[in-house]
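What the coordinates show
So you can see what is in the structure, the chains are spelled out below.
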Amino acid sequence: MSEDKMTDNNKGKKTIDKNGEVIDNKKKQQDRIKLEDKSSIKKMKKFKLNNITKIVAVALVGIICLGVGFSYGKSVGRELPATAKKYSANKVFATVGDVSITGKELQYRMDPLFYLQGKSKLTGEEISAYEYSMLDYMTTTEMLYLEAKSNNIEVTEDEIDEEYETTMSSITQSFGMTEDEYLKEFGLTKDYIKKDLEKELIAVKYMGEVTDVSEEEAKNYYDKNKDEFFEVRGSHILIKTTDDEGNELSDDEKAKRKEKAEEILKKAKAGEDFDTLAEEYSEDTSATNGGDLGFFKKGDMVESFENAVFSLDNNQIYDEIVETDYGYHIIKKTGEQYASFEDEKEDLISQLSYNKQNTLLDDLEAKYEIEIKE
């Protein structure tokens, strides 16, 4: 699902909330509403290269605790792990080329996860979902590791030791155990965990090197694809079709509100000051700014709104009322420009890196014939 996000003149991110009002993402990011799916938004996913470990390879404690409440498991896990499953040690659950991932390795991953569930019993579907996610992680790490080794990627003992200490620090906090207690509880050894961490570190290092994007590379893309960065500025007057709780109004009430919107449109088309009309009638927080929504690109707005504003000339008002899930809009285009490279650089570098990562993973999955068994 894409986000209906807007950017003001100072590049401050804004969003329309459930009541059709513009909010500041920096102040209220958790309240963002997601609207229609648009490929242009997908193309601008934000991905930080320095956060790659969250996607590809993380410390052992990170993957085994994925999606699990640490504090709950810590307090009652030892009393009664309600969920348990025994995996056949020699059964092959996934393959990466000639490398097999067996039940023994999966058991090492799943047991700590079950432990952290404490008295909360997982359903069969939940267990299957965790197993698949775990195996997907393990196969991804393995194929990256194999490719990295073929490209002579190495990490030092100091790097492994440092990662081990970081991992164990997280484990002791999350599980409420000492290092020795943890190793004994799950039948692990220090050497086994270090070997796992070495694979992860090598995988991460390889991914980072292969998918790094320079500023020069980003600039070349920007120059060759300038149209992607064209944006317009618009203002609107919103007459809502929802109540204060976001519930849709009755048909009769909506009809009355549409009549009101039509009257406002006539005033705007007759030459009355748009900013003044917005301040007087608009039920959006942008009313205090004369309805100004700032600059936005194609794909940033719901389709009907976007089609209207992008069809206009500068300072032209759209001839009809535009209806969205939020209500009735009177729309005016107030400017256009190409977003500068400096403003787009960070997101563009992240996106190009993200694209490289996807391509790399797809290519390696085909090369190593990844298979997760049913």
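Please refer to the structure placed before this passage.
Here is a short report on the structure shown in this document. (Residues numbered from 1 in each chain as written. Predicted model: local features only at pLDDT ≥ 70, side-chain atom pairs only at ≥ 80, totals over all residues. Heavy atoms only, no water.)

By convention here, two paired aromatic rings are described through the distance between centres and the angle between planes. Summed over the entire model, instances satisfying the criterion amount to 12 aromatic pairs. Aromatic side chains F230 and Y338 sit 5.4 Å apart centroid to centroid with 65° between the ring planes, which places their arrangement in the edge-to-face category. Separated by 108 residues along the polypeptide, F230 in strand β6 (residues 230-240) and Y338 in strand β9 (residues 327-338) bring together distant segments of the chain. When its relative accessible area of 42% is taken as the criterion, Y338 is described as partly exposed. Sitting over the ring of F341, K219 keeps its end group 5.9 Å from the ring centre. (Phe/Tyr/Trp six-rings, centres within 6.5 Å; stacked < 30°, edge-to-face > 60°. Helix = DSSP H or I, 4+ residues; strand = E, 2+ residues; numbered from the N terminus. Buried < 20%, exposed > 50% of the residue type's maximum accessible area, 1.4 Å probe, protein only. Lys NZ or Arg CZ within 6 Å of the ring centre and 35° of its normal.)

Negative charge collects at one region of the surface, where E272, D273, D275, E279 and E280 lie side by side. Secondary-structure assignment places D275 in helix α12 (residues 274-281). (Patch = residues over 30% accessible without salt bridge, like charges linked within 9 Å, V, L, I, M, F, W, Y side chains within 5 Å. Areas by Shrake-Rupley, 256 points an atom, 1.4 Å probe, with all protein chains shown as cover. Salt bridge = Lys/Arg side-chain N within 4 Å of Asp/Glu carboxyl O. Lys, Arg positive; Asp, Glu negative; His and termini not counted. Charge placed at Lys NZ, Arg CZ, Asp CG, Glu CD.)

This part is about the side chain of T211. With respect to the helices, strands and loops of the structure, T211 is situated in the loop between α9 (190-210) and α10 (215-224). Residue T211 is classed as buried on the basis of its relative accessible area of 0%. A distance of 2.6 Å separates the side chain of T211 from the backbone oxygen of M207, its partner in a polar contact. (Polar contact = N/O pair within 3.5 Å; in protein donor to acceptor, adjacent residues only side chain to side chain.)

This next bit is on the pairing of strand β4 (residues 92-96). With four of five residues buried, β4 lies mostly within the body of the structure. Looking at chain direction, β4 and strand β5 (residues 99-102) are connected through four bridges and run antiparallel. Counted as the bridge partner of V92 is T102 from β5. Across two bridges, β4 lies against strand β10 (residues 371-372) in antiparallel orientation. Across the sheet, the residue bridging to T95 is E371, located in β10. (Pairing = 2+ DSSP bridges.)

Our next topic: the sheet that holds β4. Spatial strand order, β5-β4-β10: three strands in an open sheet with antiparallel pairing. Each having just a single partner strand, β5 and β10 make up the two edges of the open sheet. Against the sheet, helix α5 (residues 103-117) makes contact with β4 and β5, and its axis sits at roughly 50° relative to β5, the strand it touches most. The sheet contacts of helix α6 (residues 124-150) involve β4, β5 and β10, and relative to β4 the element is tilted by about 30°. (Contact = heavy atoms within 4.5 Å. Axes fitted to C-alpha atoms, helices over the stretch in contact; angles between N-to-C directions.)

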